[in-house]
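# A closer look at the structure
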Amino acid sequence: MDNNQSVLLDLLQKTISIFDENNIWYSLACGSVLGAVREGGFIPWDSDIDIFVKITDISRIQSIFSDEMDGLVLVSYKKDTTSSHDKISMKGYDHTKIHIDLYPLIGMPNSEIHGRVFIKKCHYLNKLLACKYENVNTVRNKYKAKIFTLINYLEQFVSDDFLRRIISRLETKYPFETSNKLSYIANDGHYREAINRDILLETKETYFEGIRVKIPLNYTFYLEQVYGKDYMIPKKY
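Residues numbered from 1 in each chain as written. Predicted model: local features only at pLDDT ≥ 70, side-chain atom pairs only at ≥ 80, totals over all residues. Heavy atoms only, no water.

### Examining the packing of helix 4 (residues 112-131) against helix 6 (residues 160-172)
Interaxial distance between helix 4 and helix 6 falls to 11 Å at its minimum, and their mutual angle equals 155°. Relative to helix 6, helix 4 is oriented roughly antiparallel. The element helix 4 and its partner helix 6 pack so that their crossing is left-handed. For the pair helix 4 and helix 6, the contacting residues are Phe 118, Lys 121, Cys 122, Leu 125 and Leu 129 in the first and Asp 160, Leu 163, Ile 166, Ile 167 and Leu 170 in the second. (Axes fitted to C-alpha atoms, helices over the stretch in contact; angles between N-to-C directions. Helix = DSSP H or I, 4+ residues; strand = E, 2+ residues; numbered from the N terminus. Parallel < 35°, antiparallel > 145°, perpendicular 65-115°, else oblique. Left-handed = near helix turned anticlockwise from the far one by under 90°. Contact = heavy atoms within 4.5 Å.)

Following this line, the structure appears as structure tokens:
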């Protein structure tokens, strides 16, 4: 385990302690669930930790972290120009390198057709915000690089606030409490990221590098839907 991962574990322990003290629901998400199940902790090439929270708890989380909490800092996506979600970092560290991604679970259409459109809309909006500040030299495919350059240029005429207002509308467009499926803005653009609410919200405890954490109770269903039935075979996604 490298030094960054050691700091991340301290960050994780403090974050979930604050969540538990304030009765805030959370679950590990995405690659962090995969790591907990398959590796007992970090996937070797992972450099952050992913956590799901409820969109209905976001205002309270932001309020709790408005003051420095045990050395933790909330990096609001409304100020961080490259993200569509908040992050939790440690005071004195570069939040682009040391952070927990805080993904709010949001409601979505119950219709599969409309749900697929919604997932794509969230995905591309997230990419648009990130694309505005990414370096075109990181794009290897020359055709994609040309498209990237064009979008990057056009986006200079679109304010960050405008993009973030659209994100905020999408986050609350469909009622969280009555949606059959839930997802998040920074999804990968595929309908597999639309998960039945019970699969996500019912959790169990397990261990992540020795720290007691929560993951989906039916983690097998979740991981198979997101990563495929061979999720126990190590590979970069």
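### Things to note about the pairing of strand 4 (residues 86-90)
The buried count for strand 4 comes to five of five residues, which makes it a mostly enclosed element. Where burial is concerned, the two faces of strand 4 agree: the one with Asp 86, Ile 88 and Met 90 and the one with Lys 87 and Ser 89 are both buried. Where strand 3 (residues 72-75) lies against strand 4, four bridges are found, and the strand directions are antiparallel. The partner of Val 75 across the bridge, within strand 4, is Lys 87. In terms of strand pairing, strand 4 meets strand 5 (residues 100-107) through three bridges, oriented antiparallel. Counted as the bridge partner of Ile 88 is Ile 100 from strand 5. (Buried < 20%, exposed > 50% of the residue type's maximum accessible area, 1.4 Å probe, protein only. Pairing = 2+ DSSP bridges.)

### Notes on the side chain of Glu 171
In this structure, Glu 171 sits in helix 6. The residues touching Glu 171, leaving out its near neighbours within four places in the chain, are Ile 55, Tyr 77, Ser 84, Pro 104, Ile 106 and Ile 185.

### Quick notes on the packing of aromatic side chains
Describing an aromatic ring pair means giving the distance of the ring centres and the angle of the ring planes. Applying the stated criterion across every chain, the model contains six aromatic pairs. Considering the side-chain rings of Phe 19 and Tyr 26, the 6.1 Å spacing of their centres and the 45° angle between planes classify their relative orientation as tilted. Residue Phe 19 shares its accessibility class with Tyr 26, and that shared class is buried. Relative to Tyr 184, the ring of Tyr 103 lies with its centre 4.9 Å away and its plane at 40°, an arrangement referred to as tilted. Of this pair, Tyr 103 sits in strand 5 while Tyr 184 sits in the loop between strand 6 (181-183) and strand 7 (195-196), placing them 81 residues apart in sequence. Among the aromatic residues, those joined into a ring-pair cluster are Phe 19, Tyr 26 and Phe 65. Seen from the ring of Phe 176, Arg 197 lies directly overhead, with NZ or CZ sitting 5.2 Å from the centre. (Phe/Tyr/Trp six-rings, centres within 6.5 Å; stacked < 30°, edge-to-face > 60°. Lys NZ or Arg CZ within 6 Å of the ring centre and 35° of its normal.)

### Some thoughts on the environment of Lys 14
Tracing the backbone shows Lys 14 in helix 1 (residues 3-21). Along the backbone, Lys 14 and Met 69 are 55 residues apart, and their C-alpha atoms lie at a distance of 8.8 Å. In this view, Lys 14 contacts Asp 70, Leu 72 and Met 90; residues no more than four positions away in its chain are not counted.

### Considering the side chain of His 99
By the secondary structure assignment, His 99 is in the loop between strand 4 and strand 5. Accessibility expressed as a relative area gives 6% for His 99, which makes it buried. What His 99 contacts, discounting residues up to four positions off in sequence, is Leu 8, Leu 11, Asp 48, Ile 49, Lys 87, Ile 88 and Ser 89.

### Thoughts on the pairing of strand 2 (residues 49-54)
Extensive coverage of strand 2 is indicated by the burial of five of its six residues. Pairing geometry for strand 1 (residues 27-28) and strand 2, over two bridges, is antiparallel. Note on strand 2: the bridge partner recorded for Leu 28 is Ile 51. By the bridge criterion, six bridges tie strand 2 to strand 5 in an arrangement that is parallel. When the sheet's bridge partners are listed, Asp 50 is paired in strand 5 with Asp 101.

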